Amino acid sequence: MDQIFLTILNMSITATYVLLVVLILRLLLKRAPKWISYALWSIVLIRLVCPVSFTASFSLLGRLFKPTNGGSVQYIPSNIGNMSVPAIDIGIPGINKIINDALPGAAQPASANPLQVWVGIMAMIWAAGFLIMFIYSILSYRQLRHRINTATRIEGNVFETDKIDSPFVCGLFNPKIYLPVSMDEMDQSYVLHHEQMHLRRFDHVIKPLAFLVLSIHWFNPFMWIAFRLMSRDMEMSCDERVVHDMSREEKANYGDTLVRLAMKHPIFTGSPLSFGESRIKGRVANILNFKKPVIWIIIVIVILMIITGIALLANPPINANQDDLSTLDGFNTALKRHLGNVVDITEQENQKRPGSLTEYQRILLVDSEHVFAELADDQTLEKIVNDRLADINNPLVDWIWPVHLYVKGNLVVEYSGNNAKILDSLIKLLGTELPHDFPFTRTSYVDNVTTSDREIDAEKAIEIAKSRFTEYLLTKPDMKVENPVYTANKKQYQDKTEYWSVIIKLNEPQYKYHYYEVMITMEGEKVTLATG
């Protein structure tokens, strides 16, 4: 039940973001036909009942918060109750910090997180609230059916009874219209037209369904607002359809009927469709001000609303370049694509031990286990890897868990654990792990060259690097290299001397941990080919 609750909680947060956009659209469409506003609520409804969706770069949710994991959006990880350092991400950094600071962590590595108990308690409270609302609606409906069981048929599905004060539709599969006794002919005509319009649009099914969804998300106050506004738009759009071809005088008479038959005592929140419910003053004003819309304007609005609806239903993609491991953010999002439940806890760790982590280091929490990632520059990569290997091979350190070390480009990743799912994802992203006795030591091949071209650009630097690398391969007859990738960058030494650095990466698996750097300086015209 805990997982069901967390899934519903995540859907509710997504629907809240969508609701805020819908509220803005309703304001912009204040003078548009109400059926357009009514249709917008279907987007909120879908978000409330469907935990997964498609991903697209045009997702509006991607403009509201940073991309998350693909098909389903998880602001609260499904395994948060088992995390040693629980953390959520609802897309608002300030709120994230407040909540994450308040979340309890496990007292010891082997102990259970107190949050697991709280999640269970909250899940039981949610289930109890849902059952109370569901049972209440069933009992209220049965009580209503009991009140109208003596109603007399007038014609077709229209009944009359002295037990009610206002007309309404009741029933899902065989709906009937119930009228109070002694209604005059004009009022009855307006009421029947209105309620039959509800039936043709299946509003008698939509409203109970919306109330059921509200019962599931009862803990979210925004959903109560959504239900009330949806009911209002439903009634106003039905009114507009009824008065579409009426004269000004007929509209006034219809409004008078609405006022006279307004419900004084609503049956219950999820009541059947009632003629006189939902903000009578606003409905009457809308009826009197209603004008037939210009068709081309409606077409444009509908097209824009369809585009907006699709953009609201789409989840943001994880990253346009999902396997870009040249940055820590790229590694983070790529790992999320593979594992889903990845939370960056670098900030929390830095707060516990100020200054312990630099901007080039990240600690990621995956299924209650830590993955440490570090981005090195060309000058420090060798030192970082050798230091890691020295720590791992240190006989004075008794490692409780196996240590897995990966190097790809300038990215160094360390994982201490044996979770098969994490290991499989790291191998897919980074290749085979670095052996603990791997001799990660650079060698140098130095050659002096003379060039008459003192103005070297990236293209020229790559040309020189290709020439030097080709000569180098002649000294290594056993190396079979095809299609190496050359990347040129202009850099500076600390003494301000400019030089070109061309990194040559090999695509062959057997050279997974080899890269070559050609350093082209303007002083001494010396080219250094450093290999690692």
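Residues numbered from 1 in each chain as written. Predicted model: local features only at pLDDT ≥ 70, side-chain atom pairs only at ≥ 80, totals over all residues. Heavy atoms only, no water.

(A) View of helix 7 (residues 203–216). A rise of 1.5 Å per residue sets the reference length of helix 7, with its 14 residues, at 20 Å; its end C-alpha atoms lie 20 Å apart and thus fit the reference within 8%. Along helix 7, the residues classified as buried are Asp 203, His 204, Lys 207, Ala 210, Phe 211, Val 213, Leu 214 and Ser 215. Buried residues in helix 7 make contact with helix 2 (34–49), helix 5 (114–147), strand 3 (168–170), helix 6 (185–200) and helix 8 (221–242). (Helix = DSSP H or I, 4+ residues; strand = E, 2+ residues; numbered from the N terminus. Expected span 1.5 Å × (residues − 1). Buried < 20%, exposed > 50% of the residue type's maximum accessible area, 1.4 Å probe, protein only. Contact = heavy atoms within 4.5 Å.)

(B) Quick look at the sheet that holds strand 9 (residues 411–416). Read from one edge to the other, the open sheet built from 5 strands follows the order 5-6-7-9-8, with strand pairing classed as antiparallel. Looking at strand neighbours, the two that pair on one side only are strand 5 (342–344) and strand 8 (403–408), the edges of this open sheet. Ignoring strand direction, the axes of neighbouring strands in this sheet form an average angle of 25 degrees. Here 6 bridges tie strand 8 to strand 9, and the two strands are oriented antiparallel to one another. Among the inter-strand pairings, Tyr 406 is bridged to a residue of strand 9, identified as Val 413. (Pairing = 2+ DSSP bridges. Axes fitted to C-alpha atoms, helices over the stretch in contact; angles between N-to-C directions.)

(C) Representation of the environment of Pro 167 within the structure. Note that Pro 167 resides in the loop between strand 2 (158–161) and strand 3. Look at Pro 167 and you get buried, because its relative accessible area is 0%.

(D) Spotlight on the packing of aromatic side chains. If you walk through the whole model with that rule in mind, you get 9 aromatic pairs. Taking 6.3 Å as the distance between ring centres and 40 degrees as the angle between the ring planes, the aromatic pair formed by Phe 5 and Trp 126 counts as tilted. On the criterion of sequence distance, the pair formed by Phe 5 in helix 1 (residues 2–28) and Trp 126 in helix 5 is long-range, its members being 121 residues apart. For the pair Phe 5 and Trp 126, one class covers both residues: buried. Note on Phe 211 and Phe 227: the rings are 5.9 Å apart at their centroids and 65 degrees apart in plane angle, and the pair reads as edge-to-face. Here Phe 211, found in helix 7, pairs with Phe 227, found in helix 8; they are 16 residues apart in sequence, far enough to count as distant. Comparing Phe 211 with Phe 227 shows no difference in burial state: the two are buried. An aromatic cluster of at least three residues, connected via ring pairs, comprises Phe 5, Trp 126, Phe 130, Phe 134, Trp 218 and Phe 219. (Phe/Tyr/Trp six-rings, centres within 6.5 Å; stacked < 30°, edge-to-face > 60°.)

(E) Region of interest: helix 2. When the terminal C-alpha atoms of helix 2 are compared, their 24 Å separation across 16 residues agrees well with the 22 Å that a helix rising 1.5 Å per residue should span. Listed as buried for helix 2 are Lys 34, Ile 36, Ser 37, Tyr 38, Leu 40, Trp 41, Ile 43, Val 44, Arg 47 and Leu 48.

(F) Molecular detail of the sheet that holds strand 1 (residues 152–155). The mixed open sheet is built from 4 strands, whose spatial order is 1-2-4-3. Both outer strands of the open sheet, strand 1 and strand 3, are each paired with one neighbouring strand and no more. Across the sheet, the mean angle separating the axes of adjacent strands is 40 degrees when strand polarity is ignored. Where strand 3 and strand 4 (residues 176–180) come together, 3 bridges link them in antiparallel fashion. By the bridge assignment for strand 4, Phe 168 is matched with Tyr 178. The strands touched by helix 5 within the sheet are strand 2, strand 3 and strand 4, with strand 3 carrying the most contacts at an inclination of about 110 degrees.

(G) The pattern of salt bridges, seen in detail. Evaluated as defined, the whole model comprises 4 salt bridges. Here Arg 362 makes a salt bridge to Asp 344, at a shortest N to O gap of 3.4 Å. Linking Arg 362 in strand 6 (residues 361–366) with Asp 344 in strand 5, this pair joins segments that are 18 residues apart in sequence. By relative accessible area, which is 27% here, Asp 344 ends up partly exposed. Put simply, Glu 471 and Arg 468 hold a salt bridge, and the shortest N to O gap is 2.4 Å. Taken together, the residues Glu 471 and Arg 468, both in helix 16 (residues 458–474) and 3 residues apart, mark about one turn of the helix. Judged by relative accessible area, Glu 471 falls into the partly exposed class, the value being 28%. For Arg 468, a relative accessible area of 10% puts it in the buried group. (Salt bridge = Lys/Arg side-chain N within 4 Å of Asp/Glu carboxyl O.)

(H) Molecular detail of the pairing of strand 2. Bridge analysis of strand 1 against strand 2 gives 3 bridges, and the strand direction is antiparallel. Pairing of Glu 155 across the sheet is with Val 158, part of strand 2. Between strand 1 and strand 2, which follow one another and run antiparallel, lie 2 residues, and Gly 156 among them has a positive phi close to 50 degrees. Pairing of strand 2 with strand 4 involves 4 bridges; the strand directions are parallel. Each bridged residue has a counterpart across the sheet, and for Thr 161 the counterpart in strand 4 is Pro 180.

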